[in-house]
Amino acid sequence: MKILIVEDEEKLSQSIAEYLKHENYVCDVAENFNEAMYKIGGFDYDCILLDISLPDGNGLNILKALKADNKTEGVIIISAKDAIDDKIIGLQLGADDYLAKPFHLSELSARIVSVIRRRRFDGNNTLKFNEFLIDTLAKTVYVNGKLLDLTKTQYDLLLYFVMNKNRVLSKIAIAEHLAGDNTEFFDNFDIVYAHVKNLKKKIAQAGGTDYIKSIYGMGYKFEV
Amino acid sequence: MKLTNHIAIHYIGVTIAVLLMATPITYFVLRAVMINSIDESIEFQREWIEKKLGNASPITFTSFDENITIRPTEDTTLYERHYTEDIYVAQDKEMVPYRIMEFNTTTNGTSYFIRIQRSLVENEDLLQAILVMQIFILILLFLALLFINRRLNKKIWIPFYKTLNALSLFRIDRDGPLNLPKSSITELNNLNQSLNTLTSHNARIFKAQKEFTENASHELQMPLAIMQSKLDLLWQTDSLNQEQVNLLEEMSETSSRMRKLNKSLLLLAKIDNNQFAEKREINVPETTRHILTQHEETFSERNIHVVTLQKASSTVIADEILTVTLITNLITNALRYTPKDGTLEVQILLNAIRVGNTAVENQPLDRSKLFKRFQKQSHCNSSGTGLGLEICRRICELNNWQIRYEFLEGKHWFVVEF
């Protein structure tokens, strides 16, 4: 799957590309407005990561051009502005998601998975691997066909793990993902440990494999 | 005391003093001049009597004029005396002042004592008239001063008070520069122009300062994003040892704290820059319930007993993001400081929300440190940003809500009155 990263800060686009490479994405980087317009015109992508403030133009205009051409790429706006107006305008113009800088790469990766799934498997809301079946619409999980009784947080946690398979997730990245918009006031990372423990217990009770590995007691990895 | 009255009192005081001094001086000077003139006139009469006395009997003088007394005398020494005396006039039945001249003269070998007297009554009347006139002028001056005061009040003081009022209501965080009008009075004009310059200069600096915080926070986002992404990549590298992971964990936590701090600063800057002007009706109980639901698992994990009490269904008109931030802050703040097995209480009253939590130590918080940027309670070593309550305070200030802290029966309470 191909992803275009429109981002003028080279160090950041490098990190993103590096992280996504391991998720088996092919990444292209456009450093400015013109390069982005050129690449969009010439190639097809599954997802475009779009920075709004570019040195030679507004990223929102790229979004407009995409929509005018009826392109089907998923678009995630990554902005340093974190302005509510930008978010609303971006989503109104047809962006699929909005992520404010700074963000965790695992968070970005999870969003990309969601966007591509939504675009690619239109109508199919299930995610399947080994004995797990996740219904993303009903927000339910089945292990070996048996419904797992998960709390909302446990469901979010499992989905986050599944979307970041084989990657190390720090407690902080997990805590911040779970806290969502309330991140700035959420400083208790120990809660993650409890959530993971409960999730593992429920999966084990349902007869599922324990894929969640602790990394030096500081992070976790969903190893498949 | 108003400046105008102050000036008026001084004017009137000086006027009275001058008049009080001037009146007797005028009186005595005029009197002296009059007496001098009467003396001169008597002198003429004397010369005339002395000239005529040689060939006329003294009776010719005295018979027509009772004010002249002539009688022969043995005393030949020359003698002359001027004085003023009150003499009883039977005709008017009153004492009347007289100017009197007595002298001796010798004519044809006969010595006479002559006394000429002249009534001062008309002159005294004149003096009195002058005094009355002076008092009249004094009253006139008073009235003129009052009149001028009134006029000045309209012309100078009302514009001045307008300026003063505008200045006392001026808030640099709310208003732009003062645009005071021009005035025909130089001092007032200078004052207004100076204030205009001063406030516009200050407003410019204040704006730059506000923008700086926001710009700085924005600019910090990028390096923070880069650092965060590099840390995330570092986590993915193979063969990390325990020591490296510990370091990485601490760096990640610090980076997280930095991001939160920056986000909070940016939020504060945005509140200061009035970027949350969109107001709508918000259902407080519903919003609160929603926020509490988000933390349900944390409550059960830490065995925190949550008590909610809803006495009324209140709604507020405010920005939704800010209101949610406020209530979230109050609840997460309480949650953060509730000990295991403690109680967190939320009460929704008609025009208020109260959030309370069991105190770890049974004593009130240091009030001087509450609601202040980067001020943390001495006993607390949490990794909070130190901006949470400051954000609450600013949100309340923006909406004219009251926020206060109470310590009741071993519980910390934060109360917001809408």
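This write-up is about the structure you can find in this document. What you are looking at is a predicted structure, and each value in this text was computed from that prediction instead of being measured. (Residues numbered from 1 in each chain as written. Chains lettered and ligands numbered in written order. Predicted model: local features only at pLDDT ≥ 70, side-chain atom pairs only at ≥ 80, totals over all residues. Heavy atoms only, no water.)

## Focus on the nonpolar core
- Among the nonpolar cores identified, the biggest contains 54 residues, and A:Ile16, A:Leu49, A:Ile112, A:Leu158 and A:Phe161 are the most heavily contacted of them.
- Per element, the largest residue contribution to this core is eight residues, and it comes from helix H6 (residues 152-163) of chain A.
- Formed by 38 residues, the second largest nonpolar core is a distinct cluster that contains B:Val284, B:Ile331, B:Leu365 and B:Ile391. (Core = buried A, V, L, I, M, F, W, Y, C linked by side-chain atoms within 4.5 Å. Buried < 20%, exposed > 50% of the residue type's maximum accessible area, 1.4 Å probe, protein only. Helix = DSSP H or I, 4+ residues; strand = E, 2+ residues; numbered from the N terminus.)

## Digging into the pattern of salt bridges
- Applying the stated criterion across every chain, the model contains 29 salt bridges over all chains.
- The partner of A:Arg167 in a salt bridge is A:Glu23, and the shortest N-O contact between them spans 2.7 Å. Of the two residues, A:Arg167 is situated in the loop between H6 and strand E12 (168-170) and A:Glu23 in the loop between helix H1 (10-21) and strand E2 (26-30); the sequence distance between them amounts to 144 residues.
- Using a relative accessible area of 5% as the deciding quantity, one classes A:Arg167 as buried.
- Connected via shared salt-bridge partners are B:Asp272, B:Glu390, B:Arg393, B:Arg394 and B:Glu397. (Salt bridge = Lys/Arg side-chain N within 4 Å of Asp/Glu carboxyl O.)

## With respect to unusual backbone geometry
Residue and element names in this part refer to chain A.
- Omega for the peptide link from Lys101 to Pro102 comes to -5°, which places this bond in the cis form.
- Mapped onto the secondary structure, Pro102 falls in the loop between strand E7 (97-100) and helix H5 (105-120).
- Residue Asn166 is not a glycine yet carries a positive backbone phi of 60°.
- The topology assignment puts Asn166 in the loop between H6 and E12.
- The class of Asn166 is partly exposed, set by a relative accessible area of 35%.

## Observations regarding the sheet that holds strand E8 (residues 126-129) of chain A
Residue and element names in this part refer to chain A.
- Taking strand neighbours across the sheet as the criterion, the four strands line up as E8-E9-E10-E11 in an open arrangement whose pairing is antiparallel. A single partner strand is all that each edge strand has here, and the edge strands are E8 and strand E11 (146-148). The mean angle between the axes of side-by-side strands here comes to 25°, regardless of whether they run parallel or antiparallel.
- As defined by bridge partners, strand E9 (residues 132-135) adjoins strand E10 (residues 140-143) across four bridges and the pair is classed as antiparallel. Pairing of Phe132 across the sheet is with Val143, part of E10. (Pairing = 2+ DSSP bridges. Axes fitted to C-alpha atoms, helices over the stretch in contact; angles between N-to-C directions.)

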